[in-house]
Amino acid sequence: MKKMITLILAVGLLAASPSLFAQKSEMSVTDSKITWTGKKVTGSHEGHIKLLSGYLEKSGEDFVSGKFVVDMTSISNQDIDDPETRAKLVGHLKSDDFFSVDEYPTATLVIENGEKSGVDKYKFTGKLTIKGNTNPVSFEATADDKTFEGKLVVDRAKYDVRYGSGSFFDNLGDKMIYDDFELDFMVTFE
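Everything quoted here is computed from the prediction, not taken from an experiment.

A. Here's a closer look at the pairing of strand β4 (residues 62–71). Of all 10 residues making up β4, 7 are buried, and the element is well covered by its neighbours. Relative to β4, strand β3 (residues 43–59) runs antiparallel, the two sharing 9 bridges. Across the sheet, S59 pairs through a bridge with D62, a residue of β4. Between β3 and the antiparallel strand that follows it, β4, lie 2 residues; G60 among them carries a positive phi value of about 65°. As judged from the 7 bridges shared by β4 and strand β5 (residues 106–118), these two strands associate in the antiparallel manner. Residue pairing across strands places K67 opposite V110, the latter belonging to β5.

B. Molecular detail of a negative patch on the surface. On the surface, a cluster of negative charge is contributed by E46, D79, D81, D82 and E84. Under the relative-accessibility criterion, D82 is labelled partly exposed at 39%.

C. View of the pattern of salt bridges. By the definition in use, this model includes 6 salt bridges. The residue K39 makes a salt bridge to E182 at a minimum N-O spacing of 3.6 Å. Of the two residues, K39 is situated in strand β2 (residues 33–40) and E182 in strand β9 (residues 177–188); the sequence distance between them amounts to 143 residues. K39 gets classed as partly exposed once you look at its relative accessible area, which sits at 38%. For K127, the salt bridge is made with E112, and the minimal N-O distance between the two is 3.1 Å. Of this pair, K127 sits in strand β6 (residues 121–130) while E112 sits in strand β5, placing them 15 residues apart in sequence. In this structure, a network of salt bridges that share partners links the residues K39, K151, E182 and D184.

D. Spatial organisation of the packing of aromatic side chains. Following the criterion strictly, the structure yields 12 aromatic pairs and no others. Residues Y122 and F148 carry aromatic rings whose centres are separated by 5.9 Å and whose planes lie at 50° to one another, so their mutual orientation is tilted. One end of the pair, Y122, is in strand β6; the other, F148, is in strand β8 (residues 147–155), and 26 residues separate them in sequence. Neither Y122 nor F148 differs from the other in exposure class; each is buried. Residues F139 and F185 carry aromatic rings whose centres are separated by 5.5 Å and whose planes lie at 85° to one another, so their mutual orientation is edge-to-face. Placement of F139 in strand β7 (residues 133–144) and of F185 in strand β9 is noted, with a sequence separation of 46 residues between them. By the burial criterion, F139 is buried, and F185 matches it. The ring of Y55 carries K24 above its face, with NZ or CZ at 4.3 Å from the centroid.

E. The arrangement of the environment of K50 in detail. Along the polypeptide, K50 turns up in strand β3. Judged by its relative accessible area of 56%, K50 is exposed. Remark: the alpha-carbon pair of K50 and K33, spanning 17 residues in sequence, is separated by 6.2 Å. Residues in contact with K50, not counting those within four places in the same chain, are V70, D71 and S74.

F. Geometry of the side chain of S65. Mapping S65 onto the fold places it in strand β4. Contacts of S65, omitting those with residues within four sequence positions, involve Y55, L56, E57 and I111.

G. Representation of helix α2 (residues 83–94) in the model. The end-to-end C-alpha distance of α2, which contains 12 residues, comes to 16 Å, matching closely the 16 Å that a straight helix rising 1.5 Å per residue would cover. Listed in full, the buried residues belonging to α2 are L89, V90 and L93. The arc that holds every buried residue of α2, seen down its axis, measures 95°, which confines them to one face. Across α2 from its buried face, at more than 90 degrees, point the exposed residues E84, A87 and K88. In this fold, the buried residues of α2 make contact with β2 and β3.

Rules and cut-offs
- Residues numbered from 1 in each chain as written.
- Predicted model: local features only at pLDDT ≥ 70, side-chain atom pairs only at ≥ 80, totals over all residues.
- Heavy atoms only, no water.
- Buried < 20%, exposed > 50% of the residue type's maximum accessible area, 1.4 Å probe, protein only.
- Helix = DSSP H or I, 4+ residues; strand = E, 2+ residues; numbered from the N terminus.
- Pairing = 2+ DSSP bridges.
- Patch = residues over 30% accessible without salt bridge, like charges linked within 9 Å, V, L, I, M, F, W, Y side chains within 5 Å.
- Areas by Shrake-Rupley, 256 points an atom, 1.4 Å probe, with all protein chains shown as cover.
- Salt bridge = Lys/Arg side-chain N within 4 Å of Asp/Glu carboxyl O.
- Lys, Arg positive; Asp, Glu negative; His and termini not counted.
- Charge placed at Lys NZ, Arg CZ, Asp CG, Glu CD.
- Phe/Tyr/Trp six-rings, centres within 6.5 Å; stacked < 30°, edge-to-face > 60°.
- Lys NZ or Arg CZ within 6 Å of the ring centre and 35° of its normal.
- Contact = heavy atoms within 4.5 Å.
- Expected span 1.5 Å × (residues − 1).
- Arc of directions from axis to C-beta.

Structure (structure tokens):
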């Protein structure tokens, strides 16, 4: 009888609190990076955005939660050589036409689930918040020891980033900027 009660209590504890047995890993800010790419009819631009913090929490083979905070004030450009033109683009990206970084200095990605989808591969789902707008996202990443690499494609129209968007304006011609932009990430954990 005593063994039966102990077994029932142990099973109840496991079912009620799986997060008690989860492993939380903190991200290394200095060893992690995000490269953004935005495309327009006449070409593309790319640069970097810095991560402020992040963690993933794992239970068994899957991830049960996580959160990453991005410093939107750190937006930079890497493909324009002329310093004045580069500064003009970065200033425009930080303005209210795009990401309104004075009002929204951070963006967040909350991981709700990460399931193993192959050898060293995971499919993540969660919610991304940019400019106070939150939408569901999903993406895949590969894991190599303590580093995850992948690409998150973001539809900026869902986050009220309207400038040059064919979703909001007609007759843009070759001035149109595509709604989808890419975030290639390499996140290393301590």
